[in-house]
Amino acid sequence: MSSEQETSLHESLRDNVRLLGDSLGRTIAKDLGSEFVDRIERIRALAKKGRQSAEEADRRELIDYLRSLPEGELLPVTRAFNQFLNFSNIAEQHYRARFRRVEDYKPGTQPDLGELLQRATTAGQSPRQLVDAIAGMRIDLVLTAHPTEVIRRTLIQKYDAIDHCLQIIEDSGDQPEVQHRAQGRLEELIAQSWHTDEIRHERPTPVDEAKWGFAVIENSLWEAVPTFHRDLDALLMEKAGERLPLEASPIRFASWMGGDRDGNPNVTASVTEEVLLLGRWMAADLYLRDLEQLKAELSMWEASDALHAEVGDDPEPYRALLKRLSTRLEATRAWARARLDGEVPADSAIIETRDQLFAPLLACHRSLCDVGLETIANGVLLDTLRRVAVFGVNLAKLDVRQDGARHAQVFEELTQYLDLGNYRDWDEERRQAFLLEELTSPRPLIPSCWACSAETREVLDTFGVIGREHRQALGTYIISMAQQPSDVLAVALLMKEAGNGVRLPIAPLFETLDDLDRAGDVIERLLALPGYREVAGDYQEVMIGYSDSAKDAGQLAAAWAQYRAQERLVEVCRDGGVALTLFHGRGGTVGRGGGPAHAAILSQPPGSVNGSLRVTEQGEMIRFKFGQPDIALRSMEIYVCAVLEATLLPPPAPRPVWREEMDRLADIAHRAYVGVVREDPDFVPYFRAVTPEGALGRLPLGSRPAKRRQEGGIETLRAIPWIFAWTQTRLMLPAWLGSGEAFATRLEEHGGLDRLREMREQWPFFGTYLDMLEMLLAKSDPLIAAYYEKRLVDDPALTRLGESLRQRLVDLEAVLLRILDQHRLLENTPLISQAIEVRNPYIDPLHGLQAELLQRNRDASGDITPELSRALMVTMAGIAAGLRNTG
């Protein structure tokens, strides 16, 4: 792309930001008067002046102005800046969708599937190999309800409508009347947004979260998936001379919403069952809409002998077959509705499996092709076939996740009840022997009338739901905090005993630094157990945790541990003749493994992405990547492109000298991180004093509690609120602490700089890590962090710690720029740099207001007015919207 084109695109983005901002200003003026709008503009100008000036007095001017605001204006001021940041996000999302810039984190690195297929052909891949590689690909995008989506669904719907207006305005330059109507609708939607409360009054339930996930499928992915396959078909025809097989689905969707019970007491067996039924109901409803269109369009009488034989003498054979299918779908929808209403309906005519839906549609497709009507066959009928291949009859397979300790509790109670001893007191060998013996035993282990604890009954009821559901509705059973082979065997036995013998893939989740280091050995011992292979076959799934490992060890040490664990797991499964799928538990922010998916996948160890991949897409990132059809289309292309490249053209293995370098860097970084977070007695008091961590619990973000346990320190705090709290103050500590010491130490030594630059240029893992660190530092701001401290901390010991942490951040930036050979951050990433610069004058006032409101909240012992409490919540939502990848 030429510089002139790039400038034109950036001007388009700026024009839309200005259009939305001006409209918001007019709306606020009508509501609160032009003087209030002038005050907002004054605050923005002061924020911009403070950013551009090196003088403390200029920054202080903004703070003084904010503190002088009447109490009654604090809420509308925070709302104004929050809304503008949301509208900036709309303009940027619109820009990215329109110009295919979903992952523009570096110019010239946009993934392009056509270019990749050409490279693969040049490297010796035949057309047949390319088609087979894509057809056999299994990418599961797992939608999760992690509590970082701060925007209400009702506002998301309005924001989507605003985006549609922007598209009409841009496309109707020669139709002034159309453009005028769209501008009028835009004004209306912005007024609706301003007069809508942006903060939920109640936490969403797990069922609410699941409904939100289904809504993303209905409103975006339902359209995007067949369009994606059409584009893929056209590309394969051009490059390889054939289409993707009809049953192929390189990308599928799974969900944790309603299935993830780890630390969330609100996810119960009945909730899981309700979510499964909701998926069945919505799938049937969506397919019925498709069939209505198909019945209207497939009116032709020419059909193959096979189809005529199936439907008899009907003069419209396609409609006849589709009417039969519609009847079964209507029965399925009614059955699911009745079950949701607590009734027990007959289920003889319902559709249970993907093939029951796929086969009649495939018969229509084949018949049309047989009689020379391929054009019709490959129209809307093919779109529906693609949907069935991807979404099945439940829309998204539901994963189940539970803490391994809960399964151990079941067997502790059971062995004591049966007078066999205490399972928890047994060593690993005895546990394995007991579990393996019971796996092969024909007699039941669990008594039918066992009066166990409520916690154990809940676990057994969950397996009961799993056992009653059709296998195709379910994904993987994930064991969090897995540590030994017995953790996996325990779940296999519970499936046998309480789950009606169902066999789901069981994925141990290795999260902490120690668990990651032992992951390969644990799986090696597990696969060596002959009884386990009889249960699992020749397939193993393993989940790699990004959030808790970074919180436990620091980002650099965790990233290297994740890389080493994957290498070892690939080796173990290859030697054991087992197909491995790695499940990456990535969050939205850098501190939780976030960043561009394409770069992240290509930075994994060679062989770890071998045609299959599972990855979580959480909270806010679901909306950013899949909330609109055009964006979803590009996001799916990125995943297929990255997985295909990692499979066919894998990155090189790291040289031994690089591995030694990383071992040392990780060790230094880990010791520096632990020295602060775990060993400094002032750290926890500082964290609680300077961040809004205490107030986060009142922000109704998601259904899960902020802590796994209500007692205890930061070790009980979930990784999401841990990172969210640091992000709000712009210190971003979890994602960088320790890295500066590691890099600075190496730069002081002979040849250190050359070695680090060599690794950056030649090793995707290290280069991607530095890129993400650079983006993270560009969003951090030690001066803002210092203001929080000045307003909220009065203990000299805590102040000294804060000064030390901010100096580490400044030192890290200098070290990183030296490695990158740059004068400033994001020199080579103009879009992200521009996005941050545009947003800062609107985020900075929210930081100032948040610190002020936190102090007032503490002075009043939490008993501030509802308006000020709401204003505090809005500052959190606004800062999260402005910084985007917050948790």
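Not measured: the values here are computed from a predicted model. (Residues numbered from 1 in each chain as written. Predicted model: local features only at pLDDT ≥ 70, side-chain atom pairs only at ≥ 80, totals over all residues. Heavy atoms only, no water.)

Engineer: Sorry if this is basic, but what is going on with the overall build of the protein chain here?
Structural biologist: Assigned secondary structure in the protein chain consists of 36 helices and 8 strands. For 887 residues, the compact-globule estimate of 2.2 N^0.38 gives 29 Å, and the protein chain sits close to it at 28 Å. The C-alpha extent of the protein chain, read off along each of the three principal axes, is 85 × 80 × 60 Å. The 887 residues of the protein chain split such that 62% are buried. When contacts within the protein chain are restricted to residue pairs at least 6 apart in sequence, long-range pairs at least 24 apart make up 81% of them. (Helix = DSSP H or I, 4+ residues; strand = E, 2+ residues; numbered from the N terminus. Rg over C-alpha atoms; globule rule 2.2 N^0.38 Å. Buried < 20%, exposed > 50% of the residue type's maximum accessible area, 1.4 Å probe, protein only. Contact = heavy atoms within 4.5 Å.)

Engineer: What is the right way to look at helix α5 (residues 113-122) in this model?
Structural biologist: Turn by turn, an α-helix covers 3.6 residues, leaving residues three or four places apart pointing in a common direction. All of the buried residues along α5 are Leu-113, Gly-114, Leu-116, Leu-117 and Ala-120. Buried residues of α5, seen end-on, are gathered within an arc of 160 degrees and therefore sit on one face of the element. For α5, the N-terminal cap is Asp-112; the gap from its side-chain oxygen to the backbone nitrogen of Gly-114 is 3.1 Å. Positioned one or two residues after α5, Gly-124 has a phi angle of 110 degrees, which is positive. (Arc of directions from axis to C-beta. Polar contact = N/O pair within 3.5 Å; in protein donor to acceptor, adjacent residues only side chain to side chain.)

Engineer: What am I meant to see in the packing of helix α9 (residues 206-240) against helix α24 (residues 619-626) here?
Structural biologist: For any two helices packed against each other, the geometry comes down to the angle between their axes and how far apart the axes lie. Here α9 crosses α24 at 5 degrees, and the two axes come no closer than 11 Å. Considering the angle they form, α9 stands roughly parallel to α24. Here α9 contributes Trp-212, Val-216, Ser-220 and Leu-221 to the contact with α24, which in turn contributes Gly-619, Ile-622, Arg-623 and Phe-626. When its residues are assigned to classes, the contact of α9 with α24 shows 5 nonpolar, 2 polar and 1 charged. (Axes fitted to C-alpha atoms, helices over the stretch in contact; angles between N-to-C directions. Parallel < 35°, antiparallel > 145°, perpendicular 65-115°, else oblique. Nonpolar A, V, L, I, M, F, W, Y, C, P; charged D, E, K, R; others polar.)

Engineer: Looking at this structure, I do not really get the pattern of salt bridges. What am I missing?
Structural biologist: Charged atoms that come close allow side chains of opposite charge to pair. Applying the stated criterion across every chain yields a total of 69 salt bridges. The salt bridge partner of Glu-352 is Arg-280, with a shortest N-O separation of 3.6 Å. Placement of Glu-352 in the loop between α12 (317-340) and α13 (354-370) and of Arg-280 in helix α10 (residues 269-297) is noted, with a sequence separation of 72 residues between them. Two residues, Asp-538 and Arg-533, come together in a salt bridge whose shortest N-O distance is 2.9 Å. Ionic contacts of the salt-bridge type, sharing partners, join the residues Arg-67, Glu-71, Arg-791, Glu-852 and Arg-856 into one network. (Salt bridge = Lys/Arg side-chain N within 4 Å of Asp/Glu carboxyl O.)

Engineer: How do you make sense of the sheet that holds strand β3 (residues 397-403) when you look at a structure like this?
Structural biologist: For sheets, the rule is that strands pair by backbone hydrogen bonds, running either parallel or antiparallel. Taken in spatial order, the 8 strands line up as β1-β2-β3-β4-β5-β6-β7-β8 and close into a barrel, and their pairing is parallel. Neighbour to neighbour, the strand axes of the sheet diverge by 25 degrees on average, direction disregarded. (Pairing = 2+ DSSP bridges.)

Engineer: Please explain the nonpolar core as it appears in this structure.
Structural biologist: Across soluble globular proteins, nonpolar side chains show a tendency to be buried alongside one another. Core analysis: the biggest nonpolar cluster contains 283 residues, and Phe-253, Phe-391, Phe-411, Tyr-639, Trp-736, Phe-743 and Phe-766 have the highest contact counts within it. Per element, the largest residue contribution to this core is 15 residues, and it comes from α9. (Core = buried A, V, L, I, M, F, W, Y, C linked by side-chain atoms within 4.5 Å.)

Engineer: Just to check I follow, could you spell out unusual backbone geometry for this structure?
Structural biologist: Among all residues save glycine, negative phi is the norm, and among peptide bonds the norm is trans. The phi angle at Leu-395 is positive, at roughly 75 degrees, despite the residue not being glycine. Checked against the element boundaries, Leu-395 lands in the loop between α14 (374-391) and β3. Exposure remark for Leu-395: the relative accessible area of 0% places this residue in the buried category. Although it is not a glycine, Asp-419 sits at a positive phi angle of roughly 60 degrees. With respect to the helices and strands, the residue Asp-419 is situated in the loop between α15 (404-417) and α16 (428-440). Taking the relative accessible area as the measure of exposure, Asp-419 reaches 69% and is therefore exposed.

Engineer: Would you explain helix α17 (residues 454-468) in this entry?
Structural biologist: In this model, α17 (15 residues) spans 21 Å end to end at C-alpha, consistent with the 21 Å of a helix rising 1.5 Å per residue. Inspection of α17 places Thr-456, Val-459, Leu-460, Thr-462, Phe-463, Gly-464, Val-465, Ile-466 and Gly-467 among the buried residues, and these make up the whole buried set. Buried residues along α17 sit against α10, β3, α15, β4 (474-480) and α18 (485-498). (Expected span 1.5 Å × (residues − 1).)

Engineer: Looking at this model, I keep getting lost on the packing of helix α7 (residues 153-171) against helix α8 (residues 176-194). Mind explaining?
Structural biologist: In the contact formed by α7 and α8, the axes pass within 9 Å of each other and the chain directions differ by 160 degrees. In terms of orientation, α7 and α8 fall into the roughly antiparallel class. α8 is crossed by α7, and the crossing has left-handed handedness. Together, Leu-155, Lys-158, Tyr-159, Ala-161, Ile-162, Cys-165, Ile-168 and Ile-169 of α7 and Val-178, Gln-179, Ala-182, Gln-183, Arg-185, Leu-186, Leu-189, Ile-190, Gln-192 and Ser-193 of α8 make up the contact between the two elements. The residue makeup of the contact of α7 with α8, split by class, is 12 nonpolar, 4 polar and 2 charged. (Left-handed = near helix turned anticlockwise from the far one by under 90°.)

Engineer: What am I meant to see in the pairing of strand β8 (residues 612-618) here?
Structural biologist: Where a strand is regular, its side chains alternate between the two sheet faces. Counting buried residues in β8 gives 7 out of 7 residues, a clear majority hidden from the surface. Burial of the side chains of β8 extends over both faces: Ser-612, Arg-614, Thr-616 and Gln-618 are buried on one face and Leu-613, Val-615 and Glu-617 on the other. Of the strand pairs in this sheet, strand β1 (residues 138-144) and β8 are connected by 7 bridges, and their pairing is parallel. Bridged to Ile-139 within β8 is Leu-613. Looking at chain direction, strand β7 (residues 579-585) and β8 are connected through 2 bridges and run parallel. Residue pairing across strands places Phe-583 opposite Arg-614, the latter belonging to β8.

Engineer: Hey, could you run me through the packing of aromatic side chains in this one?
Structural biologist: Applying the stated criterion across every chain yields a total of 28 aromatic pairs. Look at Tyr-417 and Trp-450: their rings are 6.0 Å apart centre to centre, the planes differ by 45 degrees, and that puts the pair in the tilted class. With Tyr-417 in helix α15 and Trp-450 in the loop between α16 and α17, the pair connects residues that are 33 residues apart, well separated along the chain. For Tyr-417, a relative accessible area of 46% gives the class partly exposed. (Phe/Tyr/Trp six-rings, centres within 6.5 Å; stacked < 30°, edge-to-face > 60°.)

Engineer: Help me understand the layout of surface pockets in this model?
Structural biologist: Over the atoms rolls a probe the size of a water molecule, and its path tells where empty space is left. By volume, the largest pocket amounts to about 1000 Å³. Along its surface, the largest pocket is lined by 41 residues, and Ser-833, Ile-836, Glu-837, Val-838 and Asn-840 are the ones closest to its centre. If you list the elements that add at least two residues to the lining of the largest pocket, you get α1 (3-32), α2 (34-52), α4 (71-98), α32 (764-779), α33 (782-792), α34 (796-820) and α35 (830-859). Among the elements that take part in the lining of the largest pocket, α35 stands out by supplying 11 residues, more than any other. Grouping the constituent residues of the lining of the largest pocket by class yields 19 nonpolar, 8 polar and 14 charged. (1 Å grid on protein atoms, 1.4 Å probe; cavity = no way out; pocket = protein on both sides within 12 Å on 5 of 7 lines; lining within 4 Å. Points joined across faces, edges and corners; volume = space filled by probe spheres on them.)

Engineer: So what exactly am I meant to see when it comes to the pairing of β3 here?
Structural biologist: In terms of burial, β3 is a largely internal element, 6 of the 7 residues being buried. With 2 bridges connecting them, strand β2 (residues 251-255) and β3 associate as parallel partners. Each bridged residue has a counterpart across the sheet, and for Ala-254 the counterpart in β3 is Lys-397.

Engineer: Honestly, the environment of Glu-412 in this entry has me stumped. Any pointers?
Structural biologist: Relative to the elements of secondary structure, Glu-412 occurs in helix α15. Each C-alpha atom, one on Glu-412 and one on Arg-424, is 5.8 Å from the other, the two residues being 12 residues apart in sequence. Excluding anything up to four places from it in sequence, Glu-412 contacts Asn-422, Tyr-423 and Arg-424.

Engineer: For this particular structure, what's the right way to read the environment of Arg-800?
Structural biologist: Tracing the chain through its elements places Arg-800 in helix α34. On the basis of relative accessibility, which here comes to 54%, the residue Arg-800 falls in the exposed class. Between the C-alpha atoms of Arg-800 and Phe-228, which are 572 residues apart in sequence, the distance is 55 Å.

Engineer: Teacher, can you tell me more about the confidence of the model for the protein chain here?
Structural biologist: Reading predicted coordinates in detail is not appropriate for stretches of low pLDDT. Summarising the model, the protein chain shows a mean pLDDT of 91, and 93% of its residues fall at 70 or more. Counting interchain partners and residues more than four positions distant, the pLDDT-below-50 stretch residues 4-8 has 4 contacts. (pLDDT = per-residue confidence, 0-100.)

Engineer: Can you walk me through the side chain of His-407 in this structure?
Structural biologist: Inspection of the secondary structure puts His-407 in helix α15. Owing to a relative accessible area of 1%, His-407 belongs among the buried residues under this scheme. Those residues within four positions of His-407 in sequence are excluded, and the remaining contacts are Gln-402, Val-459, Phe-463, Tyr-477, Ile-479, Ala-490, Val-491 and Leu-494.

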